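# A look at the structure
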Amino acid sequence: MMVTEIGYSNIEQAKKAGVPESQIMQVAGQTEIIAAVEGGRADAGASGYLLSRSAAGKSGGKLEVTDPDAMPGQLRTG
């Protein structure tokens, strides 16, 4: 299960990459994304890199961030 914020472009990008809509959880914001991953309700969260990096840094090692430059070309934004 992937979690991201409602309205984020990550939703359409995930669908294009083959993630079924039933495996995409949409929540209100960054706090809810983190809570879903930390609580085990989602395997991964998709959010802005800088916000994610900040949250991971404060998580005491519970969260990690993937380098967006290491992602496959079709998933990159901007």
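What this report covers is the structure whose coordinates are included nearby. (Residues numbered from 1 in each chain as written. Predicted model: local features only at pLDDT ≥ 70, side-chain atom pairs only at ≥ 80, totals over all residues. Heavy atoms only, no water.)

### Considering the sheet that holds strand β1 (residues 2-5)
Pairing between sheet strands relies on hydrogen bonds along the backbone, with the strands arranged either parallel or antiparallel. Defined as follows: Strands are treated as partners if at least two bridges between them are detected by DSSP. In this description a helix means any DSSP run of H or I spanning at least four residues, a strand means any run of E spanning at least two, and both kinds are numbered starting from the N terminus. For every element, the axis is a line fit to its C-alpha atoms; helices are fit only across the contacting stretch, and the angle between N-to-C directions ranges from 0 to 180 degrees. Every residue pair with non-hydrogen atoms within 4.5 Å of one another is taken to be in contact.
Spatially, three strands are ordered β2-β1-β3 in an open sheet, and the strand pairing comes out parallel. Edge strands, defined here as strands with exactly one partner in the open sheet, are β2 (24-27) and β3 (44-46). Averaged over all pairs of adjacent strands, the angle between strand axes in this sheet comes to 30 degrees, irrespective of strand direction. Contacts from helix α2 (residues 30-38) reach β1, β2 and β3, with the element oriented near 170 degrees to β1.

### Here's the deal with the pairing of β2
As a reminder of what qualifies: With the strands pointing away from the viewer, any crossover whose connection runs clockwise from the first strand over the helix to the second is right-handed.
Bridging between β1 and β2 involves four bridges; their strand directions are parallel. Following the sheet pairing, Val-3 is matched in β2 by Met-25. This β-α-β element, β1 to helix α1 (residues 10-16) to β2, shows right-handed connectivity.

### Thoughts on the side chain of Ser-52
Let me state the cut-off plainly: To sort residues, take the accessible area from a 1.4 Å probe on protein chains only and compare it with the maximum for the residue type: under 20% means buried, over 50% means exposed, and anything in between is partly exposed.
Counting through the fold element by element, Ser-52 comes out in helix α3 (residues 49-57). A relative accessible area of 17% means that Ser-52 is categorised as buried. Excluding anything up to four places from it in sequence, Ser-52 contacts Gln-30, Ser-47 and Val-65.

Any functional reading would require information that these geometric values do not contain.
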